[in-house]
There are 2 protein chains.
Amino acid sequence: MSSSAVPAYRRMSVEQRREQLLAAALDLFGHRRPEDVSIEDVAAAAGVSRPLVYRYFPGGKQQLYEAAVLGAAEELTGRFAVPAEGPPTQRLSDALDSYLAYVDAHDAAYGALLRGGSVVGTSRTDAIVDGVRRSAAEQVLRHLGVAEPGLRLSLMVRSWIASVEAVSLLWLDNGKQPPLPELRGWLVDHFTALLVATAATEPEAAEAAALALSQETDESPGRVLLDRITSLFP
Amino acid sequence: MSSSAVPAYRRMSVEQRREQLLAAALDLFGHRRPEDVSIEDVAAAAGVSRPLVYRYFPGGKQQLYEAAVLGAAEELTGRFAVPAEGPPTQRLSDALDSYLAYVDAHDAAYGALLRGGSVVGTSRTDAIVDGVRRSAAEQVLRHLGVAEPGLRLSLMVRSWIASVEAVSLLWLDNGKQPPLPELRGWLVDHFTALLVATAATEPEAAEAAALALSQETDESPGRVLLDRITSLFP
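What counts, and at which threshold
- Residues numbered from 1 in each chain as written.
- Chains lettered and ligands numbered in written order.
- Predicted model: local features only at pLDDT ≥ 70, side-chain atom pairs only at ≥ 80, totals over all residues.
- Heavy atoms only, no water.
- Domains from an automatic or database assignment.
- Salt bridge = Lys/Arg side-chain N within 4 Å of Asp/Glu carboxyl O.
- Helix = DSSP H or I, 4+ residues; strand = E, 2+ residues; numbered from the N terminus.
- Contact = heavy atoms within 4.5 Å.
- UniProt positions renumbered as here; feature names shortened; annotations may be inferred.

Trainee: Just checking my understanding: could you explain the domain arrangement of chain A for this structure?
Mentor: How big an interface is tends to be expressed through the accessible area that disappears when the partners come together. For chain A, the assigned domains read domain 1 (3-66) and domain 2 (69-232). Using only C-alpha atoms to locate each centre, domain 1 of chain A and domain 2 of chain A end up separated by 31 Å.

Following this line, the structure appears as structure tokens:
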């Protein structure tokens, strides 16, 4: 973004200015080790003065970092909120499209958020990131009609979410190949496969899988995968 | 470990002493934030003097931390090395047994290794941990008879390895429930399911899955899961 694209200093509302500072900070934290980012850098990137940054974030870099992490976390959490209608694997596909679009648009920030290992990372920021995972898992389970999952189903969903994160980071490392729709398709297939495998040995998962299957259509991702599997292993 | 169990000061070989210091350091790093661990703490835990620790690790805490991470990484990498004989999912099961036994025995150190977020974590230690993942993936692919995997198969295996890590950490958080053999069984099932799903849409994976299937026996984990799935979704 060129600095000429930044609206003039006094035109922003308090909320807009705060968002702008957070976005600038998260972008910087994504491109450099957070210990190498100063309040001056954030001010320069946002085209404002250093005192203005401190007016919004009196706690300095630590507060700015935590707020930026929290903002990214809320954004990512929201991406998993899709309407509870249609085939469940299609809903998952839509949620992933939205999640991966964030990863694509905020690549450096996403990497910084999840790769951790920085001096300003704290148990609070770890907890925020973990909160995103929990929330995503809860939303996935809600779409499966499971309110209080047992250990196995719960670990299965968390394990899938961990693999979404890992695959997203590897995708960034790999120059964003394959194209997003393909990556999203793979991840939805992974979920379907894990659910089926879990259903094969766990009654709660079997019930959830049967319910999901009853809502699938001929063209929904889960049904398409299962048809392909049965034709491969007749 | 009580200090009375530590062999007397002069009885250890250089290699034994080095290993003892590394084990003490990794244990401490696992139980406290690394920035709260001092060389004095390591010396006290190992029952030796501070200068002795510096004689082995002149670079101080940073060097000790990196060496401890490298030691743990080599140990974990070795756990995935199982003989290339028998049903592939049984080999995977054996490798996981060995890997999870490490997680169980070195719980705090494993958590410290993977949770990161510490001031002494560096790009070098990140690279070491990433090396474990790469090596584990290569070993898994070798057992599948795949020397140069395409993007999809490669990402599938990496995604499974990420989920093994995540599930291991959740298992530690969950007071080590379920019992290890059950957890290991779930993770092997996850792998089988992911391979089948990938095989359904990718020729290279289909070839690897067919080869693996031809080596399975009636009682091997992969075959048992597939039989259960086909009886569940006839």
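There's more to say after this.
Trainee: Explanation requested: the pattern of salt bridges in the structure shown.
Mentor: Think of it this way: side chains of opposite charge can pair up when their charged atoms draw near. Under the counting rule described, the total for this entry stands at 24 salt bridges over all chains. Between Asp-107 of chain A and Lys-176 of chain A there is a salt bridge whose closest N-O contact spans 2.9 Å. Here Lys-176 of chain A lies in the loop between α8 (151-173) and α9 (180-199) and Asp-107 of chain A lies in helix α6 (residues 107-115), a separation of 69 residues in the sequence. Note that Asp-130 of chain B is salt-bridged to Arg-134 of chain B, the shortest N-O span being 3.3 Å. Of this pair, Asp-130 of chain B and Arg-134 of chain B both sit in helix α7 (residues 123-143), 4 residues apart, roughly one helical turn. Residues participating in the shared-partner salt-bridge network are Asp-130, Arg-133, Arg-134, Arg-158 and Glu-165 of chain A.

Trainee: I keep staring at the environment of Ala-109 of chain B and nothing clicks. Help me out?
Mentor: Residue and element names in this part refer to chain B. With respect to the secondary-structure elements, Ala-109 resides in helix α6 (residues 107-115). Between the alpha carbons of Ala-109 and His-31 there is a distance of 7.6 Å; along the sequence they are 78 residues apart. Those residues within four positions of Ala-109 in sequence are excluded, and the remaining contacts are Leu-26 and Gly-30.

Trainee: Which parts of the structure should I look at to understand unusual backbone geometry?
Mentor: The general pattern is negative phi for most residues beyond glycine and trans for most peptide bonds. Residues and elements named next belong to chain A. Here the amide bond leading from Gln-177 into Pro-178 is cis, since omega sits at -5°, within 30 degrees of zero. Tracing the backbone through its elements, the reader meets Pro-178 in the loop between α8 and α9. Backbone geometry places Lys-176, a non-glycine residue, at a positive phi of 60°.

Trainee: Honestly, the UniProt feature "DNA-binding region" (unreviewed entry) in chain A in this entry has me stumped. Any pointers?
Mentor: Mapped onto this numbering, the UniProt entry annotates "DNA-binding region" (unreviewed entry) at residues 38-57 of chain A. For residues 38-57 of chain A, helix accounts for 75% and strand for 0%, while the C-alpha atoms at its two ends are 13 Å apart.

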